[in-house]
Amino acid sequence: MSRRTGWSVVAPSLAVTAYCAPAVTGIPFVTRLIRSGRPTGQGPPGVWLTLDDGPHPVGTPAVLDLLADYRATATFFVIGEQLIRYPELGRRIVEGGHEIAVHGWDHRCLLTVGPTATRRGLRRAVDAIETITGSRPHRFRPPYGIASWAALHACREVGLGPTWWTVWGRDWSPRATPRSVQRHLGRGLSRFPSPTVLLHDSDTYGTSGSWRTTVAAVDWLLRRSAQAGIPVRSLDRASDGGRR
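Residues numbered from 1 in each chain as written. Predicted model: local features only at pLDDT ≥ 70, side-chain atom pairs only at ≥ 80, totals over all residues. Heavy atoms only, no water.

## Examining the overall build of the protein chain
1) Next: Along the backbone of the protein chain there are nine helices and eight strands.
2) Next: Expressed as a percentage of its 244 residues, the buried residues of the protein chain come to 56%.
3) Next: Of the roughly 10400 Å² of accessible surface on the protein chain, 52% is carried by carbon and sulfur atoms. (Helix = DSSP H or I, 4+ residues; strand = E, 2+ residues; numbered from the N terminus. Buried < 20%, exposed > 50% of the residue type's maximum accessible area, 1.4 Å probe, protein only. Areas by Shrake-Rupley, 256 points an atom, 1.4 Å probe, with all protein chains shown as cover.)

## Considerations on the packing of helix H8 (residues 178-191) against helix H9 (residues 210-228)
1) Next: Interhelical geometry of H8 versus H9 gives an angle of 40 degrees and a closest axis separation of 9 Å. Viewed along their axes, H8 and H9 adopt a mutual orientation that is oblique. Along this stretch, H8 crosses H9, giving a crossing that reads as right-handed. Here Pro-178, Val-181, Gln-182, Leu-185, Gly-186 and Leu-189 of H8 come into contact with H9, specifically with Thr-213, Ala-216, Ala-217, Trp-220, Leu-221 and Arg-224.
2) Next: Grouping the amino acids of the contact of H8 with H9 by side-chain chemistry returns eight nonpolar, three polar and one charged. (Axes fitted to C-alpha atoms, helices over the stretch in contact; angles between N-to-C directions. Parallel < 35°, antiparallel > 145°, perpendicular 65-115°, else oblique. Left-handed = near helix turned anticlockwise from the far one by under 90°. Contact = heavy atoms within 4.5 Å. Nonpolar A, V, L, I, M, F, W, Y, C, P; charged D, E, K, R; others polar.)

## A short note on unusual backbone geometry
1) Next: In this structure, Pro-55 follows Gly-54 across a cis peptide bond, with omega equal to 0 degrees.
2) Next: A positive phi angle, near 85 degrees, is found at Asp-53, a position not held by glycine.
3) Next: Assignment of secondary structure puts Asp-53 in the loop between strand E1 (47-52) and helix H3 (59-69).
4) Next: One non-glycine residue, Arg-170, adopts positive backbone phi at about 55 degrees.
5) Next: Relative to the helices and strands, Arg-170 resides in the loop between strand E6 (167-168) and H8.

## Quick look at the packing of H3 against H9
The relative placement of two packed helices comes down to the angle between their axes together with the axis-to-axis distance.
1) Next: Where H3 contacts H9, the axes come no closer than 10 Å and their chain directions differ by 10 degrees. Between H3 and H9, the interaxial angle falls into the category roughly parallel. Contact residues: H3 offers Gly-59, Ala-62, Val-63, Leu-66 and Leu-67, while H9 offers Trp-211, Val-215, Val-218, Asp-219 and Leu-222.
2) Next: For the contact of H3 with H9, a count of residues per class yields eight nonpolar, one polar and one charged.

## A word on the packing of aromatic side chains
1) Next: If you walk through the whole model with that rule in mind, you get two aromatic pairs.
2) Next: On the numbers, 6.0 Å between centres and 25 degrees between planes, the contact of Trp-165 with Trp-168 is stacked.
3) Next: Trp-165 gets classed as buried once you look at its relative accessible area, which sits at 0%.
4) Next: Judged by its relative accessible area of 10%, Trp-168 is buried.
5) Next: Here the aromatic rings of Trp-168 and Trp-172 are separated by 5.9 Å at their centres, their planes lie at 65 degrees, and the arrangement is edge-to-face.
6) Next: The residue whose ring lies beneath Arg-141 is Phe-77, and the NZ or CZ to ring-centre distance is 4.4 Å. (Phe/Tyr/Trp six-rings, centres within 6.5 Å; stacked < 30°, edge-to-face > 60°. Lys NZ or Arg CZ within 6 Å of the ring centre and 35° of its normal.)

## Concerning the pattern of salt bridges
1) Next: According to the stated counting rule, one finds seven salt bridges in the structure shown.
2) Next: Two residues, Asp-106 and Arg-108, come together in a salt bridge whose shortest N-O distance is 3.1 Å.
3) Next: On the basis of relative accessibility, which here comes to 22%, the residue Asp-106 falls in the partly exposed class.
4) Next: The partner of Arg-119 in a salt bridge is Glu-157, with the nearest N and O atoms 3.6 Å apart. With Arg-119 in helix H6 (residues 115-133) and Glu-157 in helix H7 (residues 149-157), this residue pair connects regions lying 38 residues apart in the sequence. (Salt bridge = Lys/Arg side-chain N within 4 Å of Asp/Glu carboxyl O.)

## Some words on H9
1) Next: The end-to-end C-alpha separation of H9 is 27 Å, in line with the 27 Å expected for 19 residues at 1.5 Å each.
2) Next: Those residues of H9 that sit buried are Ser-210, Trp-211, Thr-213, Thr-214, Val-215, Ala-217, Val-218, Trp-220, Leu-221, Leu-222 and Ser-225.
3) Next: Those residues of H9 that are buried are in contact with E1, H3, H8, strand E7 (196-200) and strand E8 (232-233).
4) Next: With its phi angle positive at about 70 degrees, Gly-229 sits one or two positions after the end of H9. (Expected span 1.5 Å × (residues − 1).)

## A short note on the nonpolar core
1) Next: Core analysis: the biggest nonpolar cluster contains 53 residues, and Leu-49, Phe-76, Leu-185, Val-197 and Leu-199 have the highest contact counts within it.
2) Next: Among the elements that make up this core, the one with the highest residue count is H9 (seven residues).
3) Next: Contacts of Val-197, omitting those with residues within four sequence positions, involve Val-47, Trp-48, Leu-49, Thr-50, Val-167, Leu-185, Leu-189 and Leu-221. (Core = buried A, V, L, I, M, F, W, Y, C linked by side-chain atoms within 4.5 Å.)

In short, shape yes, function no, at least from these values alone.
Encoded structure:
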């Protein structure tokens with residue numbers, strides 16, 4: 001599974017389900033019922049592109065190059081321990097007009113991490129992003145899409161809005177190919193007028209070489225959206241219809 005703002009993102013009944021059976025919070029059937037972290041009903045249709053697990057020394061630059069070619073933006077949910085390895089890529093993300101967000105300090109399932117360690121890890125990741133890039137993040141996507149109540153509370157304490165997705169490409173799967181990712185994305189894109197798409201620009205926590213599949217999928221998504229006249233944007237540009 002993937003390595004993988006309003007605060008009221010989970011209805012009480014759904015929250016109980018997510019706590020008792022947390023694995024379901026990482027699948028589109030549930031995440032489409034949770035606010036994906038962007039305003040709804042505002043602006044024209046768009047594709048809100050998000051990428052997890054980076055920065056990666058090859059995958060991230062390849063995705064950034066494609067986004068620049070199409071004048072598109074994305075939200076990058078970065079891992080703190082990766083950011084300090086590749087600080088120049090964190091700066092390049094922000095300098096390119098993209099949104100940088102938190103995916104954790106490391107890539108552990110938060111069900112295995114205590115409240116104090118969770119809060120400490122989030123603060124450490126926020127501080128690293130702000131120090132390295134000069135941009136303070138406002139969003140958090142938990143690894144694997146799984147968040148405990150302790151994690152959601154820590155998220156609120158450090159000023160982050162929990163953010164999920166509505167469409168994923170399953171690009172992390174060992175069986176993933178550019179065609180399979182396109183198929184998964186295509187089905188989701190046909191169902192949602194303004195989907196929040198999840199892909200991964202890094203293979204550090206997934207299948208070796210999977211970033212190549214992701215780059216091919218991003219290229220396909222950008223071409224498809226350009227042909228349809230639909231903007232591909234980061235979540236922070238949702239409220240203005242992608243005009244910035």
